[in-house]
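# Summary of structural features
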Amino acid sequence: MKILLVSAGIVFALFLVFQIYTTMATSKSEIQAYQVVRMEEQFEIRHYPAAIMAKISSTSKSYRDLGYSGFSKLAQYIFGGNSDKKQIAMTSPVHMDIGDTISTMAFVMPSYFKMEDLPAPNNSEVQIETSAPEYVAVIQFGGFANTASIHKHSVMLEKLLKEKGISYHGNFRFLGYNPPYQIFGRRNEIIVAVNPDEV
């Protein structure tokens, strides 16, 4: 029994070390650039400049299905599944836009890349695009995201925007900042495009 307890203690200690390492490594990843233009108690308004993204489109209707189908295709691209067999650094967040008919998932490319520098994806489903600059409202939450928590915080953000008289357009989108094996310090966000004249 004593040996089992010692072994369990060692396993738990190693697990904690791994989680601390994972959290530190994630914090060093490049985060998509933005500027906060308005702070409220429960949400904020940001301006995102244009960014180059690798994107896939899907008929998936849920966070789980889109994550499963999209992540591996995008990961293959940045891990060498491209015309140059080039490794591309992972950044955050991962963008997910779950629509009624078409959903999309996108990885933001590191800011030092220009469009002409990026290799072509081997998978034709992966498209390299430049996003349009936009103003968005953002609400943040922790833990592991799922369809229920995404819906809950989308409804919450919609209510807050209506209370402040800020109009919005398009889908409520999900931003995920952490790898699936990171347990502590997780960051999730819901964003929606807003009219810059109202912020």
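Below: a short report on this structure. (Residues numbered from 1 in each chain as written. Predicted model: local features only at pLDDT ≥ 70, side-chain atom pairs only at ≥ 80, totals over all residues. Heavy atoms only, no water.)

### A closer look at the nonpolar core
Membership of the largest hydrophobic core comes to 32 residues, with the highest contact counts inside it found for F43, Y77, M109, A137, L157, L161 and I190. Secondary-structure elements contributing two or more residues to this core are β3 (52-58), α2 (63-78), β4 (94-97), β5 (103-108), β7 (134-141), α3 (147-164), β8 (168-176) and β9 (188-194). Core analysis: the next-biggest nonpolar cluster, separate from the first, contains six residues, Y48, V136, Y177 and I191 among them. (Core = buried A, V, L, I, M, F, W, Y, C linked by side-chain atoms within 4.5 Å. Buried < 20%, exposed > 50% of the residue type's maximum accessible area, 1.4 Å probe, protein only. Helix = DSSP H or I, 4+ residues; strand = E, 2+ residues; numbered from the N terminus.)

### Some remarks on α3
Over its 18 residues, α3 runs 26 Å from end to end, which matches the ideal 26 Å to within 8%, given 1.5 Å per residue. Listed in full, the buried residues belonging to α3 are S149, I150, H153, S154, L157, L160 and L161. Buried positions in α3, seen along its axis, are confined to an arc of 135° and lie on one side of it. Counted as exposed and oriented over 90 degrees from the buried face of α3: A148, H151, K152, K159, K162 and E163. Regarding α3, its N-cap is N146, as a side-chain oxygen of that residue lies 3.1 Å from the backbone nitrogen of A148 further along. Residue G165 follows α3 closely and has a positive phi angle near 70°. (Expected span 1.5 Å × (residues − 1). Arc of directions from axis to C-beta. Polar contact = N/O pair within 3.5 Å; in protein donor to acceptor, adjacent residues only side chain to side chain.)

Read these as layout, nothing more, since geometry by itself doesn't imply function.
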